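Chain by chain, the residues run as shown.
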Amino acid sequence: MKKKMIPIFISTFLLLAGCGSKNSNTENNSYRHVDMEEAAKIMKEKQDYIILDVRTPEEYEEGHIPHAINIPNETIHNEDIPKLSDKNQLILVYCRSGSRSKQAAGKLSKLGYTNIIEFGGIIDWTGEIVSGIE
């Protein structure tokens, strides 16, 4: 009887240990994802937030959400970002389709930013879009 219990115990332990480590290493634990509708609602209801467009400068100039600032995902590394001086400020992050915004949100979290909401890509945005540099 004891010999049969050992493999079951080991299997259960490994299964539980694997689940725990998987959850603790995911970048998504450090920022929140919302859909476009929720992002628009947050923008209407909240104040003192930054809308961060992480596409290229050329993409940004072609059309972006009003009042968004542009910091390309490819330029976010291991150093502080002067345009984002308050690491506790609400930052709403988007890109073209949602891939770069997830990457950027993860990088910002690793840099110590604590209030990040990633909301996907401008291709799904139904609100106003402006062109040029703000």
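Below: a short report on this structure. Please read these numbers as outputs of a predicted model, since none were measured by experiment.

Rules behind the numbers
- Residues numbered from 1 in each chain as written.
- Predicted model: local features only at pLDDT ≥ 70, side-chain atom pairs only at ≥ 80, totals over all residues.
- Heavy atoms only, no water.
- Helix = DSSP H or I, 4+ residues; strand = E, 2+ residues; numbered from the N terminus.
- Expected span 1.5 Å × (residues − 1).
- Buried < 20%, exposed > 50% of the residue type's maximum accessible area, 1.4 Å probe, protein only.
- Contact = heavy atoms within 4.5 Å.
- Phe/Tyr/Trp six-rings, centres within 6.5 Å; stacked < 30°, edge-to-face > 60°.
- Lys NZ or Arg CZ within 6 Å of the ring centre and 35° of its normal.

**Structural notes on helix 4 (residues 99–110)**
Then, number 1: In this model, helix 4 (12 residues) spans 17 Å end to end at C-alpha, consistent with the 16 Å of a helix rising 1.5 Å per residue.
Then, number 2: Within the sequence span of helix 4, burial applies to Arg100, Ser101, Ala104, Ala105, Gly106, Leu108 and Ser109.
Then, number 3: Where helix 4 is buried, its residues contact strand 2 (49–53), helix 3 (57–62), strand 4 (90–95) and strand 5 (116–121).
Then, number 4: At the C-terminal side of helix 4, Gly112 shows a positive phi close to 105 degrees.

**What about the packing of aromatic side chains?**
Between two aromatic rings, the relevant description is the distance of the centres plus the angle of the planes.
Then, number 1: Applying the stated criterion across every chain yields a total of 2 aromatic pairs.
Then, number 2: Plain terms: the ring middles of Tyr94 and Phe119 are 5.5 Å apart, the flat faces sit at 45 degrees to each other, and that makes the pair tilted. In this pair, Tyr94 is assigned in strand 4 and Phe119 in strand 5, connecting sequence segments 25 residues apart. Each of the two residues, Tyr94 as well as Phe119, counts as buried.
Then, number 3: A ring pair is formed by Phe119 and Trp125, whose centres lie 6.1 Å apart and whose planes are at 55 degrees; its orientation type is tilted.
Then, number 4: Residue class for Phe119 comes out buried when judged on its relative accessible area of 2%.
Then, number 5: Of the residues examined, Trp125 reaches a relative accessible area of 14% and is grouped as buried.
Then, number 6: Cation over ring: Lys87 sits above Tyr113, and NZ or CZ is 5.4 Å from the ring centre.

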